[in-house]
Amino acid sequence: MDSNTKIYDLIVIGGGASGMMAAVTASENGAKVLILEKNKRLGEKLRITGGGRCNITNTEENLRVYLKNYGKAEQFLYSAFTEFNAFDTINYFNDLKLPTKVEAKNRAFPQSELAADVVHVLINKLHRNGVEMITGTNVTKILKQNSTIEHVECGTTKYKAINYILATGGKSRPETGSTGDGFVWLEQLGHEVNNPTPNITPIAIKDRWVSKVSGVTAKNATITFFVNNSAKFKLKGDILFTHFGISGPLILNNAYRVADLLATGEVTAKIDLLPDVDQKTLDLIIITELNNQGIKQLKNVLSSFTPFGLTPIIKELLKNEVNIDMKASEVNRQNRKLILDSIKSVNITIDKLMGFEKAVVANGGLSLKDIDTRTMRSNIIPNLFITGDLLDINRPSGGFSLQLCWTTGYIAGRNSVAIK
């Protein structure tokens, strides 16, 4: 190593949510910290989370209930979350002069509803703490000597530290820099990595009509999934139609179940746009409205018995089956049955889960047996800590993913200073 090489207490590889949290925490405790980020600026994925609103955490109060959202990692995370939980996150950002608010299902957002504000307060804190940040720089090599990391290389430039934190993110949304580099390095350093796959992700369907209703949301609908015409499971909630299929939290958080079904045969689904009204009652409502508005064209009467905002879907489904330009008084029993089915029984055929480019979270990652639950330190490389999306921890949308980043980043940052 060149005698002029600057030596840091800590080098953080990756300037996303967990990386910035780790760097702030370590620098607060007196560490000389360097962040290496391959993007031109820090926090690229953080800037687009929650559709740009940034669902920074979930404020469920019961810790045991909270941790059940992380599946098999529930016990693994217990120690970490007793030290830094969702309410610590809220207080942390409030102290940085970023007010927050809590919406439905305990989802917390910045009051400004701007993810960029979350990034800005973190970067400002890094500057105030004297953290050095080098952006637009790819780490090309991590050199291990004996059982510890000796230095990292960015092309011909070497950077050395006492401790290192790997916070490169997983493989979801690769356009933000999450391209799986960290998994490669972890394997090269002797860790076990479970192959990542898209997990919280939209679902593509084969039915072309869906592209015509992109952006329409069916509120409080039900969707039943079938394999080879055999019903497997049913969901109820809001379903967002996109240009390629279906999305929204209900779909995203159950996409992994659909993935399991796709491995066993052809998957179809049936959507009931008005599940709280039975067929007989709805048929009577349709008959009444057709009689009352008999001189109007059918297409102008549909909204009278269609759930709010969903008329575009009904028109799209009916256009090849029924002449929607006919007068309401001309609708016969067969036509009425088709109208009823377009509301109560929308049949779709599942094509696939969307890939990493659309995934909110990808499952897989570092096997949890290779990491100390109390410190986020590698059990294989004693001067390496791992955070955030690199860990093999499944979780739903709704603030749980970012909280995992804040908690593991905080724990890693604090312990990287303590262990030298």
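Residues numbered from 1 in each chain as written. Predicted model: local features only at pLDDT ≥ 70, side-chain atom pairs only at ≥ 80, totals over all residues. Heavy atoms only, no water.

## Observations regarding the packing of aromatic side chains
Here is step 1 of the chain: The final tally for this structure, using the stated rule, is eleven aromatic pairs.
Here is step 2 of the chain: Look at Y66 and F81: their rings are 5.8 Å apart centre to centre, the planes differ by 45°, and that puts the pair in the tilted class. Placement of the pair is Y66 in helix 2 (residues 63–67) and F81 in helix 3 (residues 74–83), with a sequence separation of 15 residues. Considered together, Y66 and F81 belong to a single accessibility category, that of buried residues.
Here is step 3 of the chain: Measuring from centroid to centroid gives 5.6 Å for Y70 and F81, while their planes differ by 50°, and the two rings are tilted. Remark: F81 occurs in helix 3 and Y70 occurs in the loop between helix 2 and helix 3; sequence separation between them is eleven residues. Note on accessibility: Y70 and F81 belong to one class, buried.
Here is step 4 of the chain: Grouping aromatic residues by their ring pairs yields a cluster made of F84, Y92, F93, W406 and Y410.
Here is step 5 of the chain: Over the aromatic face of Y8 sits the side chain of K32, whose NZ or CZ is 5.6 Å from the ring centroid. (Phe/Tyr/Trp six-rings, centres within 6.5 Å; stacked < 30°, edge-to-face > 60°. Helix = DSSP H or I, 4+ residues; strand = E, 2+ residues; numbered from the N terminus. Buried < 20%, exposed > 50% of the residue type's maximum accessible area, 1.4 Å probe, protein only. Lys NZ or Arg CZ within 6 Å of the ring centre and 35° of its normal.)

## What to know about the sheet that holds strand 5 (residues 107–110)
Here is step 1 of the chain: Taken in spatial order, the three strands line up as 3-5-4 in an open sheet, and their pairing is antiparallel. What marks the edges here is a single partner per strand, and that holds for strand 3 (57–58) and strand 4 (100–102).
Here is step 2 of the chain: In this sheet, strand 5 lies alongside strand 3 in antiparallel orientation, the contact comprising two bridges. From the neighbouring strand, T57 faces strand 5, where its bridge partner is A108. (Pairing = 2+ DSSP bridges.)

## A closer look at the confidence of the model for the chain
Here is step 1 of the chain: Residues with a pLDDT of 70 or more make up 92% of the chain, whose mean pLDDT is 89.
Here is step 2 of the chain: Taken element by element, the chain is modelled with least confidence in strand 17 (residues 361–366), mean pLDDT 66, and with most confidence in strand 2 (residues 33–36), mean pLDDT 98.
Here is step 3 of the chain: Below a pLDDT of 50 lies the segment residues 171–178, which in the model reaches 35 contacts outside its immediate sequence neighbourhood of four places, other chains included. (pLDDT = per-residue confidence, 0-100. Contact = heavy atoms within 4.5 Å.)

## A look at the sheet that holds strand 11 (residues 203–205)
Here is step 1 of the chain: Strand order around the closed barrel formed by six strands is 11-14-13-12-15-16, with antiparallel pairing between neighbours. Strand-to-strand, the axes of this sheet are offset by a mean angle of 45°, without reference to chain direction.
Here is step 2 of the chain: Direction of pairing for strand 12 (residues 217–227) relative to strand 13 (residues 230–241): antiparallel, over a ladder of nine bridges. What sits directly across from I223, in strand 13, is L235.
Here is step 3 of the chain: In the packing of helix 8 (residues 255–262) onto the sheet, the strands contacted are strand 11, strand 12, strand 13, strand 15 (267–272) and strand 16 (346–353), and the crossing angle to strand 16 comes to about 85°.
Here is step 4 of the chain: Sitting on the sheet, helix 11 (residues 333–344) touches strand 15 and strand 16, and the angle it makes with strand 15 is about 105°. (Axes fitted to C-alpha atoms, helices over the stretch in contact; angles between N-to-C directions.)

## Regarding the pairing of strand 12
Here is step 1 of the chain: Counting buried positions over the eleven residues of strand 12 gives eight, a clear majority of the element.
Here is step 2 of the chain: Where strand 12 folds back on strand 13, the antiparallel hairpin that results is connected by two residues, among which N228 adopts a positive phi of roughly 50°.
Here is step 3 of the chain: Direction of pairing for strand 12 relative to strand 15: antiparallel, over a ladder of six bridges. For T222, the partnering residue across the bridge sits in strand 15 and is D272.

## Examining helix 6 (residues 181–188)
Helical geometry: 3.6 residues make up each α-helical turn, so side chains three or four residues apart lie on a common side.
Here is step 1 of the chain: Among the residues of helix 6, G182, F183, W185 and L186 are the ones counted as buried. The buried residues of helix 6 occupy one face: seen down the axis, they fall within an arc of 165°.
Here is step 2 of the chain: G190 occupies a position one or two residues after helix 6 and carries a positive phi of about 100°. (Arc of directions from axis to C-beta.)

## Here we look at helix 9 (residues 279–292)
Here is step 1 of the chain: Relative to the 20 Å expected for 14 residues at 1.5 Å per residue, helix 9 spans 20 Å between its end C-alpha atoms, a close match to the ideal helical length.
Here is step 2 of the chain: Considered for burial, the residues of helix 9 that qualify are L282, D283, I286 and L290. Buried residues of helix 9 fall within an arc of 100° about the axis and therefore sit on the same side. In helix 9, the exposed positions angled more than 90 degrees off the buried face are occupied by K280, L284, N291 and N292.
Here is step 3 of the chain: In this structure, the buried side of helix 9 is in contact with helix 11.
Here is step 4 of the chain: In this structure D278 caps helix 9, since a side-chain oxygen of it lies 3.1 Å from the backbone nitrogen of K280. (Expected span 1.5 Å × (residues − 1). Polar contact = N/O pair within 3.5 Å; in protein donor to acceptor, adjacent residues only side chain to side chain.)

## Quick notes on the packing of helix 9 against helix 11
Here is step 1 of the chain: Where helix 9 contacts helix 11, the axes come no closer than 10 Å and their chain directions differ by 125°. Relative to helix 11, helix 9 is oriented oblique. The crossing of helix 9 and helix 11 is right-handed. Facing helix 9, whose interface residues are Q279, L282, D283, I286, I287 and L290, helix 11 presents R336, I339, L340, I343 and K344.
Here is step 2 of the chain: Along the lines of polarity and charge, the residues of the contact of helix 9 with helix 11 split into seven nonpolar, one polar and three charged. (Parallel < 35°, antiparallel > 145°, perpendicular 65-115°, else oblique. Left-handed = near helix turned anticlockwise from the far one by under 90°. Nonpolar A, V, L, I, M, F, W, Y, C, P; charged D, E, K, R; others polar.)

## Let's talk about the nonpolar core
Here is step 1 of the chain: Residues I11, L46, Y70, F93 and W406 are the most contacted members of the largest nonpolar core, which totals 80 residues.
Here is step 2 of the chain: Apart from the residues within four sequence positions on either side, L46 is in contact with A17, M20, C54, A115, V118, V119, L122, L402 and W406.
Here is step 3 of the chain: Counting 48 residues, the second largest nonpolar core, distinct from the first, contains V301, V322, V331 and I343. (Core = buried A, V, L, I, M, F, W, Y, C linked by side-chain atoms within 4.5 Å.)

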